[in-house]
Amino acid sequence: MSNHSNLIHMFNGIPFTTRSSTELLTSLDTFQAREDDVLLVSYPKSGTHWLAEIIKKLYDSKVTLTSPLEFGELSKLEEMKNLPSRRIIPTHLSYNMVPHDLKAKKCKSIYIVRNPKDTAVSLYHYYRDNPNLPTIETWPAYFNMFLQGEVVCGSWFDHILGWEEHRNDGTILILYYESMKKNLPKSIRKICSFLGLSISDQEINEVSRMSSFNEMKNNVEKENHDPNHTVCALTSNRKLIFRKGAVGDWKNHFSSKQNRLFDDVYKSKMESSALATRIRYE
């Protein structure tokens, strides 16, 4: 069984993997942003890797896709300085933990939201199959952990609400995983408009084809990258990055009682959320 204390530590009341060192997390506000940095933000298992691969295909010039900003040792900040622009920077950080300089320089952020029930299931399987995370014995035990925000990166509810507060700042684009699955070209047009990219309908259709979930899953499983230099820095098992990607898989895991409990918690926490009304579960 994996030792919880060796794999998870608390910082600012949020569980982090020990691959995010305390020294790095403490020093994030010394990060030096560039005005053309693009932040890709999500709660874990919400489609960050998928979004990152789409973004890379949209730029004519070469871009640098970094590993998640919060993963690594203190030396990560110096390494980031040496990376060429434009930097595409994934992160699972809450809004309050995002380095000050990224906000001061009004760097653009794309936040991808996935319905929390499918997110919970996907993260459950990620825990089950990943030796870098604590062993989870049963779905019921994990379900309670997820609802209480005791999983890596903390509460899904707190994460989305924290970012939602700033949705009208003019620097944040909100995307929905389920909408991307339903109509990827439409979502790509939104991304292009937000980033100021000019791209033809033909190019959008080609990017969509190359970025379909099945295409991406097949490509990633053939890759053999250093896990320290990819969007997913917690595993060298590429099959864990893209599992099913299905909308509605939660129905295969949630009992009726769990579903009612989840809905009650969701209603109480997300009552004032405008984003909540746009989340789809099937």
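Residues numbered from 1 in each chain as written. Predicted model: local features only at pLDDT ≥ 70, side-chain atom pairs only at ≥ 80, totals over all residues. Heavy atoms only, no water.

So, the sheet that holds strand β3 (residues 38–41)
If you walk across this open sheet you meet the five strands as β4-β5-β3-β6-β7, and the pairing is parallel. Two strands in the sheet have a free side with no partner beyond their single neighbour: β4 (64–65) and β7 (172–176). As judged from the two bridges shared by β4 and strand β5 (residues 87–91), these two strands associate in the parallel manner. Each bridged residue has a counterpart across the sheet, and for Leu-65 the counterpart in β5 is Ile-88. (Pairing = 2+ DSSP bridges. Helix = DSSP H or I, 4+ residues; strand = E, 2+ residues; numbered from the N terminus.)

A closer look at helix α13 (residues 256–270)
Helix length check: α13, at 15 residues, gives a terminal C-alpha distance of 21 Å against a target of 21 Å (1.5 Å per residue), a fit within 8%. Inspection of α13 places Gln-258, Asn-259, Phe-262, Val-265, Tyr-266 and Met-270 among the buried residues, and these make up the whole buried set. Buried residues in α13, looked at end-on, bunch into an arc of 130 degrees, giving them a common side. Exposed side of α13, more than 90 degrees from the buried face: Ser-256, Lys-257, Arg-260, Asp-264, Lys-267 and Ser-268 are the residues found there. On its buried face, α13 is in contact with α6 (116–129), α7 (139–147) and α8 (156–164). (Expected span 1.5 Å × (residues − 1). Buried < 20%, exposed > 50% of the residue type's maximum accessible area, 1.4 Å probe, protein only. Arc of directions from axis to C-beta. Contact = heavy atoms within 4.5 Å.)

Focus: the pairing of β3
By the alternation rule, side chains of β3 split into Val-38 and Leu-40 and Leu-39 and Val-41, which are all buried. Strand direction decides the pairing type here: β3 and β5, joined by four bridges, are parallel. For Val-38, the partnering residue across the bridge sits in β5 and is Ile-88. Where β3 and strand β6 (residues 108–113) come together, four bridges link them in parallel fashion. In the sheet register, Val-41 faces β6, and the bridge partner there is Tyr-111.

Topic: the nonpolar core
For soluble globular proteins, the rule of thumb is that nonpolar side chains tend to be buried together. Within the largest apolar cluster, 57 residues are counted, with the highest numbers of intra-cluster contacts made by Leu-123, Tyr-142, Phe-146 and Trp-156. Other than its neighbours up to four places away in sequence, Leu-123 contacts Tyr-43, Pro-44, Lys-45, Tyr-142, Phe-146, Val-151 and Val-152. Counting residues in hydrophobic clusters, the runner-up holds 27 residues, among them Ile-55, Met-180, Leu-184 and Ile-199. (Core = buried A, V, L, I, M, F, W, Y, C linked by side-chain atoms within 4.5 Å.)

Focus: the pairing of β5
Among the five residues of β5, five are classified as buried, and the element is accordingly described as predominantly covered. For the crossover from β4 across helix α4 (residues 76–81) to β5, the handedness is right-handed. (Right-handed = clockwise from strand over helix to strand, strands pointing away.)

So, the packing of aromatic side chains
The final tally for this structure, using the stated rule, is 23 aromatic pairs. Pairing Tyr-95 with Trp-163 gives two aromatic rings, centres 5.0 Å apart and planes at 90 degrees, and the pair type is edge-to-face. One end of the pair, Tyr-95, is in the loop between β5 and α5 (100–104); the other, Trp-163, is in helix α8, with 68 residues separating them in the sequence. The residues Tyr-95 and Trp-163 share a single accessibility class, namely buried. Where Phe-146 meets Phe-262, the ring centres are 6.4 Å apart and the plane angle is 20 degrees; that geometry is what we call stacked. Here Phe-146, found in helix α7, pairs with Phe-262, found in helix α13; they are 116 residues apart in sequence, far enough to count as distant. Geometry around Tyr-177 places Arg-114 over its ring, the cationic atom sitting 4.4 Å from the centre. Directly above the ring of Tyr-281 sits Lys-117, whose terminal nitrogen or CZ lies 5.0 Å from the centroid. (Phe/Tyr/Trp six-rings, centres within 6.5 Å; stacked < 30°, edge-to-face > 60°. Lys NZ or Arg CZ within 6 Å of the ring centre and 35° of its normal.)

Section: the confidence of the model for the protein chain
Looking at the protein chain, the pLDDT average stands at 89 and 87% of residues meet or exceed 70. The model gives residues 232–238 a pLDDT under 50, and that stretch makes 26 contacts with residues more than four places away or in other chains. (pLDDT = per-residue confidence, 0-100.)

With respect to the packing of α6 against α7
Running from amino to carboxyl end, α6 crosses α7 at an angle of 125 degrees, the nearest separation of the two axes being 10 Å. Here α6 is positioned oblique relative to α7, judged by the angle of their axes. For the crossing formed where α6 meets α7, the hand is right-handed. When α6 is examined against α7, the residues Pro-116, Ala-120, Val-121, Leu-123, Tyr-124 and Tyr-127 are found in contact with a partner set consisting of Trp-139, Tyr-142 and Phe-146. Class assignment of the residues belonging to the contact of α6 with α7 gives a composition of nine nonpolar, no polar and no charged. (Axes fitted to C-alpha atoms, helices over the stretch in contact; angles between N-to-C directions. Parallel < 35°, antiparallel > 145°, perpendicular 65-115°, else oblique. Left-handed = near helix turned anticlockwise from the far one by under 90°. Nonpolar A, V, L, I, M, F, W, Y, C, P; charged D, E, K, R; others polar.)

Observations concerning the environment of Ser-27
Locating Ser-27 in the fold gives a position in the loop between α2 (22–26) and β3. For Ser-27, a relative accessible area of 18% corresponds to the buried category. Spatially, the C-alpha atoms of Ser-27 and Leu-77 are 8.5 Å apart, while their sequence positions differ by 50 residues. Not counting the four nearest positions on each side in its chain, Ser-27 is found in contact with Leu-74 and Leu-77. Only 2.9 Å separates the side chain of Ser-27 from the backbone oxygen of Glu-23, close enough to count as a polar contact. (Polar contact = N/O pair within 3.5 Å; in protein donor to acceptor, adjacent residues only side chain to side chain.)

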